[in-house]
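Analysis of the macromolecular model
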Amino acid sequence: MKHYSIFIALTLPIFGLIALLSLFTPPVHALDVGGLISTDTTWTLANSPYIMKNDIIIESGVTLTVDAGVEVVAENDSGMQVYGHLNITGTPTATTVISNLLSIQMGESGSANIEYAQILANTTNPLTRHGIGIFGDSNNIISIAHSTIKNAVHPIITAPNSIHRLQMDNVTFTNNVNNKVFISKPYPITNELSQDVVLTAQPGLEGYELIDLSYLNVPEGITLTLEAGAALLNSSESLRDIDISGHLVVNGQITNTALITGFGYVVFYDSGSADINYAHIFANNFDYRIGVGVFGNSKNLVSVTNSTIENAVYPILADADSLHRLQMDNVAFANNVNNKVFISKPYSGELSQNVFLTSQPGLEGYELLNYPSQFNLPEGITLTLEAGVSLINVDESYFNVAGHLITKGTITNTVLITGFSVIDFRDTGIGNINHTRIVVNDTDPSTRIGIHVGNKDFPSPVSVKNSSIENAIYPILSSADSFHRLQLDNVTFANNINDQVFIYTDSGIMDENDSLSHDVVLLPQPGLEGYTVIGDNPLQIPEGVTMTVQAGASLLISDSGKVEVYGRLETNGTPFNPVTITSAADSAPGQWEGIAVHGGEVDLQNTGIRYGITNLTLISPTSSVTLSHTHIISASDSGIQVQDGQLNAECSALLDNNVGLAVENSGNSSVFIQQSEISGNSYAGISNTHTTSVVNGRFNWWGTTDGPSGDYAGSGDAAYGQVNATPWLTNTPDCSQPIEQLFLPMIVKP
């Protein structure tokens, strides 16, 4: 037993040395190979290893099969050129190894099926060292599965019109100079994909990188797909775009996004479309720096969801007539120079199809780019701004709406429209504006209109609710014949030069008519000082048309302006929320001509009219005026002048005029006034020069307890002509309006 132990002790080191030497000494049965393979050939495990002394060239139509477990060692910078078929059939327990390889070059007619292989590039050649090169536009597939590529500068290199041939499944990229698949353009190969391409993520693969390409073109009819975890890369400073006339699909996942990075922009032309989901688009640092561009008027959608755009000057740039193609859902804008979608100006300058602008995380707004004059929403087209959206203009341009503008803000998430000189609803333009803040451009000193409604007698409504208008000279401007289109509800006027709605009657301004064309209702709004009539012509209320002024609203008339009533004017004031009709300046008598009733009807409740030349004139026999709790104040001539028609006034006041009520010697007047105050009028409270008509002026307060002066013996305001003033009141009427509402020395009826 002792001698046996000594033998083992002596022989074990010798066997170990032999085993160690065997690692550096090729087996005696190694087989040298090289040159042209022109017949089907199999490299077997029994003859392994195979020593490639020079390039292996597999002829077209010929198959080289490399069995499982075979080792191939390349010498002398040799590689493989495959024009036939390369079949490597490793197994999970018997991997095939090809080492020290310069490259495996797949020609146009070449194909491959590589499974469970290790492809180890030559480490001595610093320039080439390709793992696998694939060139040539054909349908011959290079399938690589469950394999590893090591030591290469370019583990896989291919061309745009060849990459569709590459199919990978569980291919590990490790210890390469660049763990990437490279897409190159060896002369004279095109920049275009020629067939559908699917880019997949693989273990250790950093991405698919473009080299020696000015752009990558996905032509019409071709689909480029990036699966979850795949990355499409560009690192050159030269402008490299992805030009898409075909279809781009990105199938990222919430935990495994796809990456598109380093490009000048990803641009979708007229026929281009996209379904991008869970993608990270990172623009380059060198040139245009556009994330996504959409150009061309078509119906091909560019859908981007659950994705991020970073590092761009223009994260998304779309022509106005292409904007309908852009559909976004949960697209985050982060770390861009401008976190905005930019709308550039096409030749037409207008939208071409219905557009929905949506709020996105980090998106500051949609900004018009290069619109020096006007942005057009044409007839038949709808632009919808969802809650939280901002539409931004910086070029003093007009927003012309002939189509339909919808804003869907909410009380907690408003819409912003800012920087336009005017939002102009022309002719067929319709507006449904809700919870929206309109901030007018402050660089144009002449225009600065919030909303303009005008041009013609169209029924198209412009509804503005729960919104605000700021920074305007004319917050709202409407022609008289278009004013019926305007519907206001809880619209706040704030920080404007004039917090007013302007109604213009000058046909020279915009070729409109000075007459109302439909019934209109004037409603009070927060911060609104009044509805102001401007222009050289009178505001006409024609026959068959009613203007209603609701409680708390004011109708203001510009200097020398006038209201002519052929239809109906009614006011619905209340004791503590009256209606006011006065001059725009509202400061002194004689600043406007007044209201002339030409056979129409006027019914005023809890209203104050002041500072006219003649505040109210009845002209024709069919003129009818009813006053209740209405104060006619501070006219430079007459508070009321009756040339013809009927006047009925009760619980009202004629105060501080030259003549409170003047009845002319014409027509066939009927005048009734009672329970009213007639005082402070400088010439007369009532003057009747008509020879036959008698003014029924009983039960009125004339300013003193002893009644009127003039043709009466009292000391109050004078009564001249046929005025029946007896009996008169010895105190102010108990149905008067409160002092604080109309600045009158009167008391409230209990």
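An account of the accompanying structure is given in this report.

Rules behind the numbers
- Residues numbered from 1 in each chain as written.
- Predicted model: local features only at pLDDT ≥ 70, side-chain atom pairs only at ≥ 80, totals over all residues.
- Heavy atoms only, no water.
- Helix = DSSP H or I, 4+ residues; strand = E, 2+ residues; numbered from the N terminus.
- Rg over C-alpha atoms; globule rule 2.2 N^0.38 Å.
- Buried < 20%, exposed > 50% of the residue type's maximum accessible area, 1.4 Å probe, protein only.
- Contact = heavy atoms within 4.5 Å.
- Lys, Arg positive; Asp, Glu negative; His and termini not counted.
- Charge placed at Lys NZ, Arg CZ, Asp CG, Glu CD.
- Disulfide = S-S within 2.5 Å.
- Polar contact = N/O pair within 3.5 Å; in protein donor to acceptor, adjacent residues only side chain to side chain.
- Pairing = 2+ DSSP bridges.
- Axes fitted to C-alpha atoms, helices over the stretch in contact; angles between N-to-C directions.
- Core = buried A, V, L, I, M, F, W, Y, C linked by side-chain atoms within 4.5 Å.

Within the protein one finds three helices and 73 strands. By the compact-globule yardstick of 27 Å for 750 residues, the protein is too spread out, its C-alpha radius of gyration being 44 Å. Oriented by its inertia axes, the alpha-carbon framework of the protein measures out at about 160 × 60 × 35 Å. Taken over 750 residues, the protein has a buried fraction of 57%. Here the contacts in the protein between residues at least 6 apart in sequence split such that 67% fall between residues at least 24 apart. Between the averaged position of the 25 positive side-chain charges in the protein and that of its 71 negative side-chain charges there is a distance of 9 Å.

One pass over the structure, following the stated rule, counts one disulfide. Residue pairing for C651: its cysteine sulfur links by disulfide to C735, the two sulfurs lying 2.1 Å apart. Residues C651 and C735 are joined by a disulfide whose S-S torsion is about -105 degrees; by sign, that bridge is left-handed. You can see C651 sitting in the loop between β64 (646-650) and β65 (653-655) and its partner C735 sitting in the loop between β73 (723-724) and α3 (739-742), a full 84 residues away along the chain. There is no split in this pair, since C651 and C735 are both buried.

With that settled, the discussion passes to the environment of S715. When you line up the elements, S715 lands in the loop between β71 (709-710) and β72 (718-721). Sequence separation between S715 and S468 is 247 residues; the distance between their C-alpha atoms is 53 Å. Leaving out residues up to four positions away in the same chain, S715 has contacts with T704, D706, G707, P708 and S709. Polar contacts involving the side chain of S715 include one to the side chain of D706, which spans 2.9 Å.

Right, let's talk about the sheet that holds strand β46 (residues 468-470) for a bit. Working definition: the strands of a sheet are paired by backbone hydrogen bonds and lie parallel or antiparallel to each other. One open sheet accounts for twelve strands, arranged β19-β22-β25-β28-β30-β32-β34-β37-β40-β43-β46-β49; its pairing is parallel. For this open sheet the edge positions go to β19 (215-218) and β49 (492-494), each flanked by a neighbour on one side alone. Between one strand and the next, the sheet's axes are offset by a mean angle of 15 degrees, whatever the strand orientation. Examined bridge by bridge, strand β43 (residues 436-439) and β46 share three bridges and lie parallel to one another.

Glancing now at the environment of S184. On the secondary structure map, S184 appears in the loop between β16 (180-183) and β17 (197-199). Taking C-alpha positions, S184 is 4.9 Å from I211, a pair spaced 27 residues apart along the chain. The contact partners of S184, leaving out residues within four places of it in the chain, are I157, T158, A159, P160, I211, D212 and L213. Here D212 takes part through its side chain, which lies 3.5 Å from a polar atom of the side chain of S184.

Here we come to the pairing of strand β20 (residues 223-227). Successive residues of a regular strand alternate their side chains across the two faces of the sheet. As judged from the three bridges shared by β17 and β20, these two strands associate in the parallel manner. Of the residues in β20, the one forming a bridge with V198 is T225. Pairing of β20 with strand β23 (residues 247-251) involves five bridges; the strand directions are parallel. Looking at the pairing, E227 lines up with N251 of β23.

Attention now moves to the sheet that holds strand β61 (residues 616-618). What the nine strands build is an open sheet, ordered β53-β56-β59-β61-β63-β66-β69-β72-β71; its pairing is parallel. If you trace the sheet from one side to the other, it starts and ends with β53 (539-541) and β71, each paired once. By the bridge criterion, four bridges tie strand β63 (residues 638-642) to strand β66 (residues 659-663) in an arrangement that is parallel. What sits directly across from Q641, in β66, is A662.

On to the nonpolar core. Generally speaking, a soluble globular protein has its nonpolar side chains buried in company with each other. Judged by nonpolar contacts, the single largest core of 165 residues is most densely connected at L86, L248, L383 and L405. With sequence-adjacent residues up to four places away left out, L248 is seen in contact with L224, L226, I260, V266, F268, S273, A274, D275 and I276. Among the nonpolar cores identified, the runner-up in size contains seven residues, and Y265, V267, I290 and F295 belong to it.

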